[in-house]
Structures are given as structure tokens and as C-alpha cells.
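Structure at a glance
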Amino acid sequence: MASPAALSMVHHGRPGALLSARRADFAGTGLRCVSVARPAASPTQTSSRELSVVAEGEGRGARDGGRGGGGRSGGGRGPQRGRGRGRGRGNPFRLRPQSDGKSHLGTTLRYTDNKPFPDMVEMATAPIRAESAPGGFDSHARGPESANDVTNQYPGGLIDDAPIKFLPLGGLGEIGMNCALVGTENRYVLLDAGLMFPDHEELGIQKVLPDVSFLSRWKDKIEAVLITHGHEDHIGALPWVIPALDPATPVYAGHFTMQLIQRRMKEFNLWGDGSRFKVIDMGERFPAGPFEMEAVRVTHSIPDCCGLIFRCSAGTIVHTGDWKIDEHPVDGRHFDRAAWERVGKEGVTLMMSDSTNVLSPGRTISESTIKESMMHKVLGHKGRIITTQFASNIHRLYGVKAAADASGRKIAFVGMSLTTYLEAAKKSGLAPIDPESLVPAEEIDNVNPSELIIVTTGSQAEPRAQLAQAAFGSSRLITLHPDDLVLYSAKMIPGNEKRVMRMMNAIAMRGPEIAMRREDGLHSSGHAYRDELEEILKMLHPEHFLPVHGEYAFLKEHESLARECGVRHSTVIGNGQMMGVTPLRNGQQHGTLGNMHLLGEARLQTMFNDGGKGSGTSEDLAIEERMRIATEGIVVVDMEVFDGLLHRGSGDGGDDDGADGADGGAEGGEEGGSAPTKTKPRTRTGGVMTGRA
């Protein structure tokens, strides 16, 4: 019989509601109970989901809002079923509190045991460490010049402990979760802190995170955090990474990127006084840990992107970040060829570059071309225009603004993430549209359709995005009409094709015209195509090349391209593998390990977050159990347990204290005596149990 503690109710709601899972074996019953429960919030605590909803100026009202309570909260959906339509604009830039600074971390920082740092040479293929090389090393005896030349620090110029080290925690063999350690002299900086979005097998999961417990274990080695740009796959894990590091560790990023970081840190109550967060300018040189850093402007699909140059006594390291070469950028901020050419002439010891589009021939399309295509589409249509794009693509809004000005239309944003990025652009002096000039989302029905362009989220058919809801008739802000023109100014991310096409089919069935062909020219990738990758390889001509940011097949193809461009030393590694690089000497490799070699492999654990306070490993969040429940179903066991016994004159026994009454009842029953009696219920283990399954 199961004990009362083993019995629990199963809560089976939407996947996001599954925060923890527990299994109990029912001894002696053959039953197995799966318990899935959501921790109850305290009376004074609002869940992160509720806070997110309350803060949405465009949408759902607070708890007392009904279906459109109006006022500052705007129209919204509350527990009451009122049918008003609020006209309050609210504050679309209001912060959405997510955490008190710790509650979102879950168990992510608890797995610090048994995670050695993989920088010991004995973990590689060499039999000896550099400091134990025959003859030893005395920098003072060799003089200052020799002491600063790492190729002369060991007898015969041999280096067994590589002076340059690179340890990826994510982003290699996958798209997303870009995060890596770059180091020299046993001192490191963290390059980016991104997340990855889950696949269909990770039910109820919204974010996939790097192993922050590894960073916490070795935080004494990490002296700075460097951010290349503001996409989620480069900054999305910061709310988990920042608590893992020393509170004094500085974080460097550009102006626009820092605006996004500041908002995120404040949402998670991690900003503090902001003194550790430092803004850098393009072209600026600044110290970060063991390196002298330089940020070099590159063009991408979000403003304020940079590649980074790491200078140290061992040589020069270049990381391009995410990039393409836009010859005619809409914001006038050009790819800094001059800086890259200069560092190429200085000499590059190690180059790492974005591999995303290595399989795409030719060159990317300029954003200026997209602007012209958008203007052509808008000017040729008399009805309402609805365009969907990635919210972070501020450059795309230049085309929207130009088309609106040319056609005399007003612009409305439907989707909170759009206003978040636009506000960051405004604070950085990069906004193509004044946020105050936008038509409030709740008022778009009051504007002549022929005088309106709606910019909305939902290009990937996210279920809660407004375009997806409008496609299936559930949006309270957008109702599709046959004379609408929908501009799909994005691309389908691999894995989302089926979902996006289902949404587009639903839109088409409601009558609007759709423009999403390649020939429509409404989207350009932010990642360099093959000809651009070849150009930068020849421009920098590095001694060593390591492809990053891409699936494994992309990395291998990029390695092959580098060899075609004359780079003799190139390799491909995976997440957790620490690579050591020894600079060439007189154009030749030297040292017993060779010039590029593995020093070891870190024991990394992927972390997950369910969009709220649930964070931890796959076991902590019961990802396997979620999938099993989704595919195999679930048995719900509902049992009632009584602490006492109902005694009848049938000879049922009781406890020692009730033995006389029970025996008397039995005797009376046998001899036709008194009627059955009911004893006073008493607490005991076990009891009469009724149940159904």
C-alpha cells in the first residue's frame, strides 16, 4: 500500500507548466504514479509570466482587466469575461521583472564538482609540461627581449604549453549558444554569452544555456566578458552567466548592445549600480584581462556589431563576430575594411570566423536593396500593408520608414519586442523611426487601411505572436482582410518551416496577398556568403584558422575554404574541447605538440530554462519524462485515504486500544447480540482506502 506522502495530484496543462517531475513506486500495488507539479507562488509574489503579461502595454490587461479593461493597461484578457476594448496606450517600454536576481537560477550553479579545467598539457598528446622541459627557463638570464618573445622562452624554441588557448562552451556544431573562453598565460576572457532555442523534443523548454556551473567553478580565471553584438544567441544567457562570475568582472559591449544588456539585467535585478558594465566605441583600444582589445566595426542584421582583435605577447587573435560585407548600409556605418587590412599586415596568429553561410555562393544582398524592394511593394498596393520581420533588425525599419514616407502612410508596431529594440536604438542614436510617432496598436482600426503600415512580430509563427494569432483569427489587435498585403521580410529558421507554412496557408485562406518569394527581394541574410568569407581570409591571411558559429558540416567546409585560400594550419573542434595554438616561427611550426592541438576536454552540462523560474539540467527539468508523457500518455491515479477505520460487527480488528470494543462487536454478531457500533476514529498507519484509476 502506498503511503499518503507518495500520493499526489497530476497537473497536466500546457508544456510550459511542467516545471518538475517526480516518480514514486507504489510498493505492493503494481501502480506507478507520475507526479507533475507547479510550485505555488507566494501570496505576495507574481509569477514571471504574469508580470510579463501585466507589463505588455499593447496587450493583455492585469488580473482585474477583463477582456479589454482599458486605461493604462490597454485592452487585455483577464479572468473576467468582459468584452470592452481598451484604448489606453500604456507604457510599451516598461520593464518586465523576471527575477529577484537569484530565483531564476534554479540549480544551474550547483554542478561545480568534478569539472577540471582542461588546460594541462599532460591531458594532451605531449609527455611533458613546458615548465619541466630539460634545462628549465630563466627569463632574467635571457634578457628582456627574449623574455617577451614566447617563441624563445624554452630550450630550442620549443613550446609545449601553448601560449594561446581557446575553449568553446557552445556555438560549434550548432547554431546558437555562442560562448567561449579565450586565454593566454592562464588568464581568460569570456567571449559572448548566448543562448540557443530548443528543438521540438525539449517540451516546455524556452532557453538552452551553456554550462554556467563550469564558469562558476573557474570564475577566478575569467577576468572580463566581451560581447560582439546584441542577438540572443550572444547575450541571452547573461542573466545566468553574470551571477556565475566574480561581481567585479567587467562586461564590455557597444552602445546599442549595452542598452539591450541593461534592460535585460534590470529585468533580472542584476544591473546593480551598473559600474561593471562598460561601453566601448568602435576602433577603441582597451585592456581586458591579459589582452589589449580593439573593436572593429562589421555589418550584420543588427546595429553596433563588432569583430574583436586580441593582442598579447604570444600574438594577435582575430574573432570576426557575426558579419557580412554590406557595401551600402542603410545607416551609413560601413564594414571597416581599413582596420581589417591593417591587422592583416600586422600579422594574425589565430583567426576565428562565422561559418553560417559558407555553403551559399556569391555575396549577400545589401540592406539598401531590400529598402528599394520594400518601397516598390508598398507604392504598388492600395490597401493595408502588414510586414513581419525579426524584431532586432533595426536596419529593416529604414525601408519601412522610407516606404511610409513615400506613400504617405503611418506606422504601427504590434509586438512588444519591436518597441524594445526601437527604444534601445533611440537611446543609442540609431533609431530610424521616432517611437512617439507610432500609431498605438489599439488604435489601428481607427486608421484608414490605405494609410497604414503595420510592423508585427511572428515571422517564425510563434504561437503567441500577433501575426500567428491573426492567421487563425485569435488576435484582438489584427484582423486580416482580403485587400491586405503581407510582406514576409524574414527567413524561415531551419526547423520552423512546417509551422511557418501552416501560418502562411491560414493567412492566404483569409484572402490577403502574400509576398515572400526570393524574387520579391524582401530579406537579406546577416551572415557572409562564400565570396565574402574568401575575401576576409585572403585579407587577413592568418597563420592558423578555426571556423566557428555553425553546424559541423559548415565548419568543415569553412576549414576547406581556408586551405584553398592558402591557410596551411586549420582544424575543427567541438564544444568543450580546448585548443592550444603555438605561433609559427619563421613561418614554420615548432614544438613537440605541433602548432594546433587539443589540450583536453571540459566536462560540460547543457542547462535549460522553462521561461520562468525553472532552470537546471535535463534531469532537473525532467525533459525525458516530459517527452515520455507527451508520446506515451499518462495514467492519473486518484486515491482517497482515511486515517481511521469504520468498524462494523464483522470481526474487523482494531488497534490495541480499541480491541475490547472490536471483540465485543464480534461476539455480539456471532450470538445475535447488539447492533454494530462505530468506534471513534483514531490516527494510525494505513486504513480503509478507496481508489480509482
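Please refer to the structure placed before this passage.
One structure accompanies this document, and this report is about it. Because the structure is a prediction, the values reported are computed rather than measured.

Comments concerning helix H9 (residues 367–379)
Given 3.6 residues to a turn, an α-helix orients residues that are three or four positions apart in the same direction. In this model, H9 (13 residues) spans 18 Å end to end at C-alpha, consistent with the 18 Å of a helix rising 1.5 Å per residue. Its buried side turned inward, H9 meets strand E15 (385–388), helix H10 (394–407), strand E17 (452–456) and strand E18 (485–488). Its side-chain oxygen placed 3.2 Å from the backbone nitrogen of Ser368, Ser366 serves as the N-cap of H9.

What about the pairing of strand E4 (residues 179–184)?
Looking along a regular strand, one sees side chains alternate from face to face of the sheet. The buried count for E4 comes to 6 of 6 residues, which makes it a mostly enclosed element. The alternating pattern of E4 places Cys179, Leu181 and Gly183 and Ala180, Val182 and Thr184 on opposite faces, both of which are buried. Here strand E3 (residues 164–170) runs beside E4; their pairing, made up of 5 bridges, is antiparallel. Note on E4: the bridge partner recorded for Phe166 is Val182. Direction of pairing for E4 relative to strand E5 (residues 187–191): antiparallel, over a ladder of 5 bridges. In the strand pairing of E5, Ala180 is matched with Leu191. In this structure, the hairpin formed by E4 and E5 is closed by a connection of 2 residues, where Glu185 is found at a positive phi of approximately 55 degrees.

Digging into the packing of helix H14 (residues 530–540) against helix H15 (residues 552–564)
Running from N to C, H14 and H15 cross one another at 50 degrees; their axes reach a closest spacing of 10 Å. With respect to each other, H14 and H15 are oriented oblique. Of the two elements, H14 crosses H15, and the hand of that crossing is right-handed. Contact residues: Arg530, Leu533, Glu534 and Leu537 in H14; Glu557, His558, Leu561, Ala562 and Glu564 in H15.

Things to note about the environment of Ile394
By the secondary structure assignment, Ile394 is in helix H10. Between the alpha carbons of Ile394 and Pro303 there is a distance of 6.9 Å; along the sequence they are 91 residues apart. Among all residues touching Ile394, those that are not within four sequence positions of it are Phe256, Pro303, Tyr421, Leu422, Ala425, Leu430 and Pro432.

What counts as what
- Residues numbered from 1 in each chain as written.
- Predicted model: local features only at pLDDT ≥ 70, side-chain atom pairs only at ≥ 80, totals over all residues.
- Heavy atoms only, no water.
- Helix = DSSP H or I, 4+ residues; strand = E, 2+ residues; numbered from the N terminus.
- Expected span 1.5 Å × (residues − 1).
- Contact = heavy atoms within 4.5 Å.
- Polar contact = N/O pair within 3.5 Å; in protein donor to acceptor, adjacent residues only side chain to side chain.
- Buried < 20%, exposed > 50% of the residue type's maximum accessible area, 1.4 Å probe, protein only.
- Pairing = 2+ DSSP bridges.
- Axes fitted to C-alpha atoms, helices over the stretch in contact; angles between N-to-C directions.
- Parallel < 35°, antiparallel > 145°, perpendicular 65-115°, else oblique.
- Left-handed = near helix turned anticlockwise from the far one by under 90°.

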